[in-house]
Amino acid sequence: MSTRARRPTTAAVALVALTVAITAQAVAPGPAYRIICHPENPITTADRQFLEDAFLKKVKAWPTGATAHPVDLAPRSPVRRRFSEDVLKRPVEAVRSYWQQRIFAGRDLPPPEVGTDDDVVRYVLRDRGGVGYVSGAAALNGAKVLQVK
């Protein structure tokens, strides 16, 4: 077979390999987000229900008794949208509506909102009761990842 005849075959094989690699990355890119807390927090595993209650401020403390201080990413963040749907079991818009009702009733204020993963990490590292979520690829700078059950 001539060199000229092999080129299209080599290109086709390379194209198929590239397509397989891209598809594999799209199927399993890693976690969409990670739940993080202060490294001195003794908790290593959190129930999804506890996290939901903490972010909606239905509970104010960790199981250890320490005050929980959740922090949210901005409403347009894709990480927040995913976290909200997975953990809070409602879209961001429904969570914002929940908080509007709570504020209007004078019952509570929502968790602070920050703009970036780095802001979440800084908040969590500054407060022993801090809990937040960041993208799967975020630099944690010492923050501890919680396993969710």
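A brief look at the structure comes next. (Residues numbered from 1 in each chain as written. Predicted model: local features only at pLDDT ≥ 70, side-chain atom pairs only at ≥ 80, totals over all residues. Heavy atoms only, no water.)

## Examining the pairing of strand S6 (residues 130–135)
The test is simple: Burial classes follow relative accessibility: with a 1.4 Å probe on protein chains only, a residue under 20% of its type's maximum area counts as buried, one over 50% as exposed, and anything between as partly exposed. Counting from the N terminus, the helices are DSSP H or I runs at least four residues long and the strands are E runs at least two residues long. Paired strands are those between which DSSP finds at least two bridges.
Within S6, 6 of the 6 residues are buried, which leaves it mostly tucked inside the rest of the structure. Summarising the sheet, strand S1 (residues 33–37) and S6 pair through 5 bridges and their orientation is antiparallel. Of the residues in S6, the one forming a bridge with Ile35 is Tyr133. As paired elements, strand S3 (residues 69–70) and S6 share 2 bridges and run parallel to each other. Each residue of the ladder has a partner; that of His69, found in S6, is Gly130.

## Description of the packing of aromatic side chains
Heads up, the rule is: Two aromatic rings, drawn from Phe, Tyr or Trp (for Trp, its six-membered ring), form a pair once their centres lie within 6.5 Å of each other, and the interplanar angle then sorts them: stacked below 30 degrees, edge-to-face above 60, tilted otherwise.
Tallying each qualifying case throughout the model produces 6 aromatic pairs. On the numbers, 5.8 Å between centres and 85° between planes, the contact of Tyr33 with Phe83 is edge-to-face. Here Tyr33 is found in strand S1, whereas its partner Phe83 is found in helix H3 (residues 78–88), with 50 residues between them in sequence. Judged by its relative accessible area of 1%, Phe83 falls in the buried class.

## Some thoughts on the packing of H3 against helix H4 (residues 92–104)
The packing of two helices is summarised by the inter-axis angle and the distance between the axes. Heads up, the rule is: Each axis is a line fitted through C-alpha atoms, and for a helix only the stretch in contact is used; angles between axes span 0 to 180 degrees, taken between their N-to-C directions. Should an angle fall under 35 degrees it is called roughly parallel, over 145 degrees roughly antiparallel, and 65 to 115 degrees roughly perpendicular, with every other angle called oblique. For this analysis, residues touch if any pair of their heavy atoms sits within 4.5 Å. In this count, Pro and Cys sit with the nonpolar residues alongside Ala, Val, Leu, Ile, Met, Phe, Trp and Tyr, while Asp, Glu, Lys and Arg are called charged and the others, Gly among them, polar.
Two elements in contact, H3 and H4, have axes separated by 9 Å at closest approach and are oriented at 75°. Put simply, H3 runs roughly perpendicular to H4. Every residue of H4 that contacts H3 at Arg80, Arg81, Ser84 and Leu88 is listed here: Val92, Glu93, Val95 and Arg96. Residue composition of the contact of H3 with H4, grouped by class: 3 nonpolar, 1 polar and 4 charged.

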